[in-house]
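Read off the chains here:
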Amino acid sequence: MTNNIWRSLSVILPLILFGFLASLFLERPGLQTDEILFANLSLGEISHTTYIARKIGGITFFVISYIGALKSWIFIPIFKVFGFNYFSVRIPMILMSMVSLLLVYKSVHISFKKPFLAWMILMALVTESTFITMVRTDVGPIAIEYFCKILSIFLIFKYLQNKNQGIFYLLPIILALGIFNKINFIWFSNALIFSSLLFLNLLETKKEKVKFVKVLALTFMFELLLFIGFNKLNPGMVSSSNISFDLNFIKTKLQLFYYFGRGIFDGTGFYRIQYLISEEIFGYNIISKGIYSTLFYLFEVCLTLIIVCSFVVFRKIWRKDFGKSDIFFLFFLGIIIFTAAQIFIVENARNLWHFYTLFPFFTICLFYSINQLFGAKIKWLFFLIILIYNLNNYSVYVFALQNKVPNPFWSNKINDLAEYLKSKEGEFVELDWGLSTQLLCFTKEDKFKRGFLTKKGELMTYQKNPDEVFFNDYVNNKDLEKLFFISIQSKLADPKMNSIFEEMTHKRGYQTILIKNFYENDNTLIYSIFRLKKI
């Protein structure tokens, strides 16, 4: 009984630690447009055009061309109970990720039959700064994707463990939800199905093997039909990509794999997105600088260990002297290879969250490699190094949250801007991308429009977008004095936007009248509100 309690605590406490780290300074950074692209639908469609891409029978199924409304549906009851705020937006994704981490632990425990190894992997993932920071803002989005990935693997492992067919038949449903949540989940779905063929080596009878292959084949056909069906229902869901294999394309993709692989591992990739922080920030104190400088090439070392272990395992397979754990290692490695191959050929797969599809499998393969290549003492030493490295990276993020001004699209001052605009009557045009969705959700008023400017100095008009057509009508036929213009006054925004705005207004015989400025914590100007007056 006592052993069971300690075993449970050894898993529960790391999950609580993750929840604490992910919830720290919950209202920093500010909400960003991509983080809440699902929210307009969840709040009851305050705007009938903002992130409402496709309706079927009056029900919204896609918020943008390649992201379905799954998260929006999940959050409808959450917002009804808790309202729209930082807690209701971020805590559910953190809680879901805690469940995902629990499933990772259970899956690794089933596969390698080594409790301490499973615990080490759990602790490494719990303290992984990129996962912590991406989950708190659900960039990508990755939280539901991560959950569907791990749950689908867990279902396969449970079937292999107890041959419960009912569990196995849930696999197509979970993968379908993953694809509906975000179309590029198909990368993982394909990789999972083909890598799972390795488990035929673990099934004893021909009947079991035939049944296993049938389920995987039917699942693959179902996911393929679903993928095609979604694209038919929502044309443009699969963005066209110029797939080529010339030397420049290959070189660029290899650079991206290294850049984002390392950026995920050491946290710098995500810091650059929110705070545009370079590696120099890791020297915010002597200890942090020393840790980062000393372990700067840790990612390269870890990648090398996985490659070496792969050769060792393949050699064992060739000699037919392999164990069950080796098959599970190849399964996780197969997911990495198959997923990476699909990322490689898709030209538009160029962002951090695309490459995060390879995690947590990189971490799992890493710790298995260390376990196979070294003794227990080296394994524990390496574990401590990874833990210290991860916590140091997270401490840098905490330092940034407290002391660094984020780029304007992640600024907490969006709250102040929304509060001020609640009492103002009229329509508001955003002169740059990245503010209208937050203002829409905070104020619950449909008066914030995305009015981008072109190089010609005119409001950009996408004829398929009612919002943009509406403001084209204003420019051509109505008095611009009725509008408010929200400008981002930051060196991190596009400086051409404000100069084009000034040029446009002067051409049409107006002058700009400043209504109000908003300042960041360090007193730098970030947002301005203007109105126009006829000269």
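Residues numbered from 1 in each chain as written. Predicted model: local features only at pLDDT ≥ 70, side-chain atom pairs only at ≥ 80, totals over all residues. Heavy atoms only, no water.

## Structural notes on the overall build of the protein
A tally of regular secondary structure across the protein gives 23 helices and eight strands. Relative to the compact-globule value of 24 Å for 535 residues, the protein shows a C-alpha radius of gyration of 25 Å, a close match. Projected onto the principal axes, the alpha-carbon positions of the protein cover approximately 85 × 60 × 55 Å. Burial statistics for the protein: of 535 residues in total, 54% are counted as buried. Counted over contacts in the protein with a minimum sequence separation of 6, partners at least 24 positions apart contribute 73%. Counting every atom, the protein has about 23700 Å² of accessible surface; 63% of that belongs to carbon and sulfur. Taking the 55 positively charged and 37 negatively charged side chains of the protein as two groups, their mean positions are separated by 10 Å. (Helix = DSSP H or I, 4+ residues; strand = E, 2+ residues; numbered from the N terminus. Rg over C-alpha atoms; globule rule 2.2 N^0.38 Å. Buried < 20%, exposed > 50% of the residue type's maximum accessible area, 1.4 Å probe, protein only. Contact = heavy atoms within 4.5 Å. Areas by Shrake-Rupley, 256 points an atom, 1.4 Å probe, with all protein chains shown as cover. Lys, Arg positive; Asp, Glu negative; His and termini not counted. Charge placed at Lys NZ, Arg CZ, Asp CG, Glu CD.)

## Quick word on helix α7 (residues 143-162)
Between the first and last C-alpha of α7 there are 28 Å, a value that for 20 residues agrees with the 28 Å anticipated at 1.5 Å per step. Most of α7 is tucked away, with 16 of its 20 residues classed as buried. In the segment just after α7, K163 is the residue with positive phi, at about 60 degrees. (Expected span 1.5 Å × (residues − 1).)

## Remarks on the sheet that holds strand β1 (residues 54-56)
Read from one edge of the open sheet, three strands run β1-β2-β3, paired in antiparallel fashion. Two strands bound the open sheet, and with one partner strand each, they are β1 and β3 (67-68). (Pairing = 2+ DSSP bridges.)

## Here we look at the side chain of S369
Tracing the backbone through its elements, the reader meets S369 in helix α18 (residues 361-373). Judged by relative accessible area, which is 0%, S369 ranks as buried. Residues in contact with S369, not counting those within four places in the same chain, are L305, I306, C309 and F329.

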